[in-house]
Each structure stands twice: as C-alpha cells, then as structure tokens.
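Take a look at the letters that make up each chain.
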Amino acid sequence: MAFIRNDIATGDMFRHVYGGMTKSELDDRAAQLLSAWGYKRVSDTAQGAAVYEKGNRVARLLLGALVKYFKVSVKTSVSPSDEVICEVRTESSGMSGGLIGMNQVKTEMGNLNAAFRDF
C-alpha cells in the first residue's frame with residue numbers, strides 16, 4: 001500500500017495515485033485520516049464522492065476568518081492499470097472569510113495534500 005505519484009495539484013484540488021490497495025481500503029484510510037483531522041462526513045454527491053466538513057459554516061459567515069470552515073469532497077476510482085486514484089477537491093472557496101479565509105483554504109488543501117501523500 002503505497003503512494004505512487006501526484007497527478008495534479010492546484011490550490012483547490014489534488015489527485016494522488018496509489019498502488020497495492022483496493023478502492024475500499026483507500027476509502028477507509030481517507031475517512032480515517034479526515035476524521036483524525038477533525039472532518040465529519042456529511043453527505044455523498046451524485047458523482048460518487050464523499051463530502052466532509054470541518055468547522056461551522058454559520059459562524060464563518062457571521063465572524064469571517066475568525067472561525068475556520070473547510071469542506072472537501074473525496075472521490076476514489078480505479079484506473080485501467082489497476083492503480084487506485086484519490087481526488088480531493090475543496091467545496092468551499094473561503095470567500096466568506098475574505099482574503100485571509102481564501103488563504104486558509106489553500107493552506108488546508110496543501111496540508112491535506114501532504115497528509116494524503118504520507119498515509
């Protein structure tokens with residue numbers, strides 16, 4: 001079970017490729033990692049991605065960057081060469097926290113990128 005490569009990495013999403021594990025194992029490991037980071041699973045999208053949140057959306061709207069709020073979707077799939085692909089995409093722009101909030105979201109995505117590479 002190992003990280004192979006990073007296909008794409010931008011400020012609002014990244015896609016990692018793993019080998020030696022099944023899709024369900026990757027789903028479980030992603031859920032455990034996000035849970036350890038304080039994220040809670042809130043829903044699933046029509047495209048098969050799991051959506052996780054951390055923080056309070058209403059407090060973020062009221063108090064701006066003083067309250068942290070992050071929302072990400074995690075989609076896993078299997079490539080034709082039997083590699084498992086994990087795509088993590090931010091679902092919140094951070095605009096409600098202004099420029100500071102937008103930077104908080106980019107920093108969180110960078111930290112998650114490194115954490116998903118190391119698990």
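This is a predicted model, so every value here is computed, not measured. (Residues numbered from 1 in each chain as written. Predicted model: local features only at pLDDT ≥ 70, side-chain atom pairs only at ≥ 80, totals over all residues. Heavy atoms only, no water.)

1. Details of the overall build of the chain
And step 1. A tally of regular secondary structure across the chain gives three helices and six strands.
And step 2. Secondary structure elements of the chain, listed N to C terminal, follow the sequence β-β-α-β-β-α-β-β-α.
And step 3. Taken against the 2.2 N^0.38 rule, which gives 14 Å for 119 residues, the C-alpha radius of gyration of the chain at 14 Å falls within 12% of a compact globule.
And step 4. Across the 119 residues that make up the chain, the buried fraction comes to 39%.
And step 5. Taking as baseline every contact in the chain between residues at least 6 positions apart, the subset at least 24 positions apart corresponds to 48%.
And step 6. Split by element, the accessible area of the chain, about 6500 Å² in all, is 53% carbon and sulfur.
And step 7. Here the chain carries 15 positive and 13 negative side-chain charges, and the mean point of each set is 7 Å from the other. (Helix = DSSP H or I, 4+ residues; strand = E, 2+ residues; numbered from the N terminus. Rg over C-alpha atoms; globule rule 2.2 N^0.38 Å. Buried < 20%, exposed > 50% of the residue type's maximum accessible area, 1.4 Å probe, protein only. Contact = heavy atoms within 4.5 Å. Areas by Shrake-Rupley, 256 points an atom, 1.4 Å probe, with all protein chains shown as cover. Lys, Arg positive; Asp, Glu negative; His and termini not counted. Charge placed at Lys NZ, Arg CZ, Asp CG, Glu CD.)

2. What to know about the packing of aromatic side chains
And step 1. Enumeration over the complete set of coordinates arrives at four aromatic pairs.
And step 2. Arranged with centres 6.0 Å apart and planes meeting at 75°, the rings of Phe3 and Tyr18 form a pair that is edge-to-face. Of this pair, Phe3 sits in strand E1 (residues 2-9) while Tyr18 sits in strand E2 (residues 13-19), and the two are 15 residues apart along the sequence.
And step 3. Under the relative-accessibility criterion, Tyr18 is labelled buried at 0%. (Phe/Tyr/Trp six-rings, centres within 6.5 Å; stacked < 30°, edge-to-face > 60°.)

3. With respect to the side chain of Glu83
And step 1. By the secondary structure assignment, Glu83 is in the loop between strand E5 (69-78) and strand E6 (84-90).
And step 2. On the basis of relative accessibility, which here comes to 17%, the residue Glu83 falls in the buried class.
And step 3. There is a polar contact of 3.3 Å between the side chain of Glu83 and the side chain of Arg5. (Polar contact = N/O pair within 3.5 Å; in protein donor to acceptor, adjacent residues only side chain to side chain.)

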